[in-house]
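Chain by chain, the residues:
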Amino acid sequence: MFGIIGLALVFIGIIVLIFGSIAPLLRLYFGDKSVITQIIWGSLIFILGAIILLMNAIHMS
């Protein structure tokens, strides 16, 4: 179950990083029109998802 959550967070982080500058709804959701803030949020979400995936992989082995 945690693997699915981690994978979803990784995908959301990638979407925020890649499409954050061209998706106006994403910009409104984060409350800031700054691309730097979206890069930071996308990176944090991606890193959190990657950590969850790594913890799941360690736990499963």
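The structure displayed is predicted, hence computed values, not measured ones.

Novice: Teacher, can you tell me more about the packing of helix α1 (residues 2-19) against helix α3 (residues 35-60) here?
Specialist: Packed helices, taken two at a time, are described by the angle their axes make and the gap between the axes. Between α1 and α3, whose axes approach to 7 Å, the crossing angle comes to 160°. Comparing the axis directions of α1 and α3 gives the class roughly antiparallel. Between α1 and α3 lies a crossing whose hand is left-handed. Mapping the contact onto sequence places Phe2, Gly3, Gly6, Leu7, Leu9, Val10, Ile12, Gly13, Ile14, Val16 and Leu17 in α1 and Gln38, Ile39, Gly42, Ser43, Ile45, Phe46, Leu48, Gly49, Ala50, Ile52, Leu53 and Asn56 in α3. Looking at side-chain class alone, the contact of α1 with α3 contains 15 nonpolar, eight polar and no charged residues.

Novice: Please explain α3 as it appears in this structure.
Specialist: Owing to its 3.6 residues per turn, the α-helix brings residues three or four apart onto one side. For α3, which comprises 26 residues, the first-to-last C-alpha distance of 37 Å matches the rise-based estimate of 38 Å (1.5 Å per residue) to within 8%. Within α3, the full set of buried residues consists of Gln38, Gly42, Ile45, Gly49 and Ile52.

Novice: Explain the environment of Ile15 here, please?
Specialist: The residue Ile15 is located in helix α1 in this model. Sequence separation between Ile15 and Gly42 is 27 residues; the distance between their C-alpha atoms is 7.7 Å.

Novice: Just checking my understanding: could you explain the environment of Trp41 for this structure?
Specialist: Along the polypeptide, Trp41 turns up in helix α3. Owing to a relative accessible area of 41%, Trp41 belongs among the partly exposed residues under this scheme. Counting along the chain gives 24 residues from Trp41 to Leu17, while the straight-line C-alpha distance between them is 8.1 Å.

Novice: Explain the environment of Ser43 to me, please; I cannot follow it from the model alone.
Specialist: Checked against the element boundaries, Ser43 lands in helix α3. Each C-alpha atom, one on Ser43 and one on Ile14, is 8.0 Å from the other, the two residues being 29 residues apart in sequence.

Rules and cut-offs
- Residues numbered from 1 in each chain as written.
- Predicted model: local features only at pLDDT ≥ 70, side-chain atom pairs only at ≥ 80, totals over all residues.
- Heavy atoms only, no water.
- Axes fitted to C-alpha atoms, helices over the stretch in contact; angles between N-to-C directions.
- Helix = DSSP H or I, 4+ residues; strand = E, 2+ residues; numbered from the N terminus.
- Parallel < 35°, antiparallel > 145°, perpendicular 65-115°, else oblique.
- Left-handed = near helix turned anticlockwise from the far one by under 90°.
- Contact = heavy atoms within 4.5 Å.
- Nonpolar A, V, L, I, M, F, W, Y, C, P; charged D, E, K, R; others polar.
- Expected span 1.5 Å × (residues − 1).
- Buried < 20%, exposed > 50% of the residue type's maximum accessible area, 1.4 Å probe, protein only.

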